[in-house]
Amino acid sequence: MTALSVSARPEEDASLRPVPWRRMGWVTWRQHRSTLAWVVVFLGALAVGLLLTGHQLHQAYVTAVAACRPPANSLTCPNATIAFDGTNGFLANGGILQATPALIGAFAGAPLLARELETGTFRYAWTQGFGPWRWALAKLVPLAVLLATAAGVFSLVLNWYYQPYFVAANQNLGLEELTPFYPALFGLRGIGFAAWTLVAFAIGSLAGMLIRRVVPAIAATIFAYAALAFAAGGWLRPHYLSPAVTTSLNIPGSAWVQNQWWTKNGKFAFSGWPPDSLFERYCPKGPPGPAGPNGKPKAVSLAECLTPHGYTQWTSFQPASRFWPFQWIEGGWLLVLSALLIAVTVWLVRRRAT
Amino acid sequence: MNVIESRGLGKRYHSTWALRECTVAIPAGHVAALVGPNGAGKTTLLNLATGLAAPSAGGVTVLGGRPAGSPAALDGIAFVAQDMPMYKNLSARDMLHLTRNLNRRFDQQYAETRLGELGIPLKRKAGKLSGGQQAQLALTLALARRPRLLVLDEPMAMLDPIARHDFMASVMTAMVEGKGEGEEGGVSVVLSSHVLAELERVADYLILMSRGRVQVAGEVDDLLASHRMLTGPAAEADRYAERLSVVHARRGEAQAHLLVRGTADDPVAPGWEAHPVGLEELALAYLREPAAAALPGPDRARRGNASQPEVSR
């Protein structure tokens, strides 16, 4: 075989136009349509279940409100409220729904790159003319948008389902009135669900790129998501906006009480429960009032014996009206974090670290 | 033009160097065989050349100076990786469509005709094809991109002897066809293998690697012309060898075989016979002597026509 000289034509190569982005549309759709179908089927089944159980919940709520409207019958009202509280109790605290974004992220996001790396198909995909980092970007971004959209549509059902718990003045009817900041439900309502699904997908894709094996990447995604969700709920969320402070004893049930402390003559006295000596001196009639929802005696009762002696109760809280600002803040930083995680993933693909 | 050119190229995985100080220039227009034992660094070199890995040291360009992994480089190279990775759940037709969407050029007509001739049903999933068919599908996808460089990593490792033969015949046909296209230029082939016997018929350029370094590089004809096997009495072997450039010596009870550097015109001592060497024989001799090397000088590597290897020991 004789060598045939090949004329190099650098001028052609310099003006080489990249393969158009839209060509990846078919590729992404063909390779991930089954994942998308599974997500839609999964969310659809959950939505149907929520619509059915939600119907019961809303029925029970309407019944309870009707029964407790003054003049309330002394027996039917408590019966109806108990019936409402008992309806689908397993979902009242968010239940399995809180795991949904993590599951979508883990099963849709983690295998995306991990499977390519595990089976070796990245050697095919990343040596095509489209180029590896553009390939990764053209897969991750549309899928992230589609999944977040699906989650957003699904969360409309969640919003509807949990409505009865958050109606103002539920307390007056003897019904539970949750603060809209209730940690277990905050991420399921508003834009929270879509944002958390998005970040779960982004975590999954990065975990897949780093770990390179499907099953460990899925496990890592769920673990990292849980850690982030707990950190956000426990440490970050209370600080999105500086809390309102009041000396009023009438804190609405919808408020998210963050801290309570007492002052005397303008000076800090104690926070939370009073010291035993103080308590025995001013509240000799024993533990005041019935226990509140969190097991502590109601502050109002404590105030009854302490206020006359010059003590003032201060409460810092997030009013319910801040629900949407909090949703936008949380959605905002989750969006930024997701974009960052996806950018890191694409950068890792570009770095071609095999 | 050099289809692959590297200078001081190295790749380290954690603390081990898979490839070290690799300076090589593979000229265009050849079927170049990258030969060496497992772990010699063949796959690493090909991964670096195709942009699948980033070098830890040095650099590598392809197709006359395009940086490895750059869009221009990816556009001109088609890579068939070891084990022919493919999406098992996609049909052959989908794999064609996928590859067409991922590249600027794709000859759909050629690909469909070729698969038809090979009897590979378009509807069948890639994972359901036989090993030989998967290899042929992977090769078809690569060739339909009309590459200027076809890189094959261990293409024969997974194949039975008949499939091997068919596969290499396809590569050779494609290379000849590619040359006929005139302006488009020929297609060059770089393939790695640790199966020496298969290469003798197809390769006209040899790069021998061992322990992460390039040991021998040059055109097969030149390498064969500049080496020969001397056979003579074992008792005289040591004394005779001192005067020669011996790559590898094999001693029997009565006779010794010395693979030496030298042309057919060189005089032979009385009692000794000279034979031309085969590619496999030559490669084995060098692989058994990792310290021996036959490399083109740097000036030749740059010019890209390594006519006569410079010999050093």
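Every value quoted in this text rests on a predicted model; they were computed, and no experiment measured them.

Analysis parameters
Residues numbered from 1 in each chain as written. Chains lettered and ligands numbered in written order. Predicted model: local features only at pLDDT ≥ 70, side-chain atom pairs only at ≥ 80, totals over all residues. Helix = DSSP H or I, 4+ residues; strand = E, 2+ residues; numbered from the N terminus. Rg over C-alpha atoms; globule rule 2.2 N^0.38 Å. Buried ≥ 20, exposed ≤ 12 C-beta atoms within 10 Å, placed from the backbone. Contact = placed C-beta atoms within 7 Å. Axes fitted to C-alpha atoms, helices over the stretch in contact; angles between N-to-C directions. Parallel < 35°, antiparallel > 145°, perpendicular 65-115°, else oblique. Left-handed = near helix turned anticlockwise from the far one by under 90°. Nonpolar A, V, L, I, M, F, W, Y, C, P; charged D, E, K, R; others polar. Pairing = 2+ DSSP bridges. Core = buried A, V, L, I, M, F, W, Y, C linked by C-beta atoms within 7 Å. Expected span 1.5 Å × (residues − 1). pLDDT = per-residue confidence, 0-100. Arc of directions from axis to C-beta.

Asker: When you look at the overall build of chain B in this model, what are you seeing that I'm missing?
Answerer: A count of helices and strands for chain B gives 11 helices and 16 strands. The C-alpha atoms of chain B give a radius of gyration of 21 Å, which matches the 20 Å a tight globule of 313 residues would have. Taking the principal axes of the C-alpha coordinates as reference, chain B spans close to 65 × 40 × 40 Å. Buried residues in chain B amount to 51% of all 313 residues.

Asker: What is the right way to look at the overall build of chain A in this model?
Answerer: Broken down by element type, chain A carries 13 helices and 4 strands. Residue burial in chain A is summarised as follows: out of 354 residues, 35% are buried. A fraction of 79% describes how many contacts in chain A between residues 6 or more apart in sequence connect residues 24 or more apart.

Asker: Explanation requested: the interface of chain B and chain A in the structure shown.
Answerer: Reports often express the size of an interface as the amount of accessible area lost when the parts come together. Contact with chain B, which involves 38 residues of that partner, is made by 30 residues of chain A. Of all elements in the fold, only helix H2 (71-76), strand E6 (77-80) and helix H3 (92-101) of chain B reach the threshold of two or more residues within the side of chain B that touches chain A.

Asker: For this particular structure, what's the right way to read the packing of helix H5 (residues 100-119) of chain A against helix H9 (residues 192-211) of chain A?
Answerer: For any two helices packed against each other, one specifies the inter-axial angle together with the distance between the axes. Residues and elements named next belong to chain A. For the pair H5 and H9, interaxial distance at closest approach is 7 Å and the crossing angle is 30 degrees. When the axes of H5 and H9 are compared, the pair comes out roughly parallel. The hand of the H5/H9 crossing is right-handed. Across the contact of H5 with H9, the residue classes break down as 19 nonpolar, 6 polar and no charged.

Asker: Teacher, can you tell me more about the sheet that holds strand E1 (residues 244-246) of chain A here?
Answerer: Backbone hydrogen bonds hold the strands of a sheet together, and the pairing may be parallel or antiparallel. Residue and element names in this part refer to chain A. Pairing in this open sheet of 4 strands is antiparallel, and the strands run E1-E4-E2-E3 from one edge to the other. Since the sheet does not close on itself, it has two edges, and those belong to E1 and strand E3 (267-271), each with one partner. Neighbour-to-neighbour, the strand axes of this sheet turn through a mean angle of 30 degrees, independent of strand direction. Of the strand pairs in this sheet, E1 and strand E4 (residues 311-318) are connected by 3 bridges, and their pairing is antiparallel. When the sheet's bridge partners are listed, Ala 244 is paired in E4 with Phe 317.

Asker: Looking at this structure, I do not really get unusual backbone geometry. What am I missing?
Answerer: Residue and element names in this part refer to chain B. Located in the positive-phi region is Glu 21, a residue other than glycine, with phi close to 45 degrees. For Glu 21, the position within the fold is in strand E2 (residues 16-27). Given 15 C-beta atoms within 10 Å, Glu 21 falls into the partly exposed group. Although it is not a glycine, Arg 146 sits at a positive phi angle of roughly 50 degrees. Turning to its location among the elements, Arg 146 is positioned in the loop between helix H5 (131-144) and strand E7 (149-153).

Asker: Quick question: what am I supposed to make of the pairing of strand E2 (residues 256-264) of chain A here?
Answerer: On a regular strand, one side chain projects to one face of the sheet and the next to the other, so that they alternate. Residues and elements named next belong to chain A. Bridging between E2 and E4 involves 8 bridges; their strand directions are antiparallel. In the strand pairing of E4, Trp 256 is matched with Gln 318. One ladder, built from 4 bridges, connects E2 with E3; its direction is antiparallel. Residue pairing in the sheet places Trp 261 in a bridge with Ser 271 of E3. Once E2 ends, the chain turns through 2 residues before running back antiparallel as E3, passing Asn 265 with a positive phi of about 55 degrees.

Asker: What's the story with the sheet that holds strand E1 (residues 2-13) of chain B in this structure? I'm lost.
Answerer: All names here are of chain B. Read from one edge of the open sheet, 4 strands run E2-E1-E4-E5, paired in antiparallel fashion. The open sheet has two free edges, formed respectively by E2 and strand E5 (66-67), since each of these has just one partner strand. Relative to strand E4 (residues 57-62), E1 runs antiparallel, the two sharing 5 bridges. The residue of E4 that forms the bridge with Gly 10 is Ala 57.

Asker: Help me out: how do you make sense of the environment of Arg 12 of chain B in this one?
Answerer: Residues and elements named next belong to chain B. Looking at the secondary structure, you find Arg 12 in strand E1. When the C-alpha atoms of Arg 12 and Pro 55 are compared, they prove to be 8.0 Å apart, with 43 residues separating the residues in sequence. Once residues within four sequence positions are removed from consideration, Arg 12 is found in contact with Trp 17 and Ser 56.

Asker: Could you clarify how one ought to interpret the environment of Gly 41 of chain B in this entry?
Answerer: All names here are of chain B. The residue Gly 41 is located in the loop between strand E3 (31-35) and helix H1 (42-49) in this model. Under the C-beta neighbour-count criterion, Gly 41 is labelled buried, with 26 such atoms within 10 Å. Once residues lying within four places of it in the same chain are set aside, the contact partners of Gly 41 are Ala 18, Leu 19, Met 209 and Gly 212.

Asker: Before we go on, may I ask you to explain the nonpolar core in this structure?
Answerer: Most often, soluble globular proteins have nonpolar side chains that are buried together. Grouped together as the largest cluster of nonpolar side chains are 183 residues, with contacts concentrated most on Leu 147 of chain A together with Leu 206 and Ile 207 of chain B. In this view, Ile 207 of chain B contacts Val 24, Ile 26, Ala 32, Ala 33, Leu 34, Val 35, Val 214 and Ala 217 of chain B; residues no more than four positions away in its chain are not counted.

Asker: Can you help me understand the packing of helix H2 (residues 23-68) of chain A against H3 of chain B in this one?
Answerer: Two elements in contact, H2 of chain A and H3 of chain B, have axes whose closest approach is 8 Å; the angle formed by their N-to-C orientations is 145 degrees. Crossing geometry of H2 of chain A relative to H3 of chain B is assigned as left-handed. Facing H2 of chain A, whose interface residues are Arg 23, Trp 26, Val 27 and Arg 30 of chain A, H3 of chain B presents Asp 94, Leu 98 and Asn 101 of chain B. By residue class, the composition of the contact of H2 of chain A with H3 of chain B is 3 nonpolar, 1 polar and 3 charged.

Asker: Where do I start with H5 of chain B in this structure?
Answerer: An α-helical turn contains 3.6 residues, so any two residues separated by three or four positions project in the same direction. Residues and elements named next belong to chain B. Between its terminal C-alpha atoms H5 stretches 20 Å, which fits the 20 Å expected from 14 residues at 1.5 Å a residue. Most of H5 sits out of view: 12 of its 14 residues are buried. Every buried residue belonging to H5 is among Gln 133, Gln 134, Ala 135, Gln 136, Leu 137, Ala 138, Leu 139, Thr 140, Leu 141, Ala 142, Leu 143 and Ala 144, and all of these are buried. Directly beyond the C-terminal end of H5, a positive phi value near 50 degrees is found at Arg 146.

Asker: When you look at the confidence of the model for chain A in this model, what are you seeing that I'm missing?
Answerer: Keep in mind that low pLDDT regions are not for reading the predicted coordinates in detail. Residues and elements named next belong to chain A. With 89% of its residues at a pLDDT of 70 or more, chain A shows a mean pLDDT of 86. Put simply, helix H1 (residues 10-14) is where chain A has its lowest mean pLDDT, 47, and H9 is where it has its highest, 97. Scored below 50 in pLDDT, residues 1-11 shows 19 contacts in the model against residues more than four places distant or in partner chains. A low-confidence stretch, residues 291-296 stays under pLDDT 50, and its non-local contacts, those more than four residues away or across chains, total 5 contacts.

Asker: What exactly am I supposed to notice about helix H4 (residues 108-118) of chain B here?
Answerer: Residues and elements named next belong to chain B. Turning to H4, its buried residues number three or more, namely Ala 111, Arg 114 and Leu 115. Axial view of H4: buried residues confined to an arc of 95 degrees, hence all on one face. Looking at H4, the residues exposed on the side facing more than 90 degrees away from the buried face are Gln 109, Gly 116 and Glu 117. Structurally, H4 contributes buried residues whose contacts are with H3 and H5. Positive backbone phi, at 70 degrees, marks Gly 119, one or two positions downstream of H4.

Asker: Help me out: how do you make sense of the confidence of the model for chain B in this one?
Answerer: All names here are of chain B. Per-residue pLDDT for chain B has a mean of 86; in total, 92% of the residues score no lower than 70. In the model of chain B, helix H11 (residues 298-303) stands out as the element of lowest mean pLDDT, 39, in contrast to H3, which has the highest, 96. For this predicted complex, the interface confidence score (ipTM) comes to 0.88, while the overall pTM stands at 0.88.

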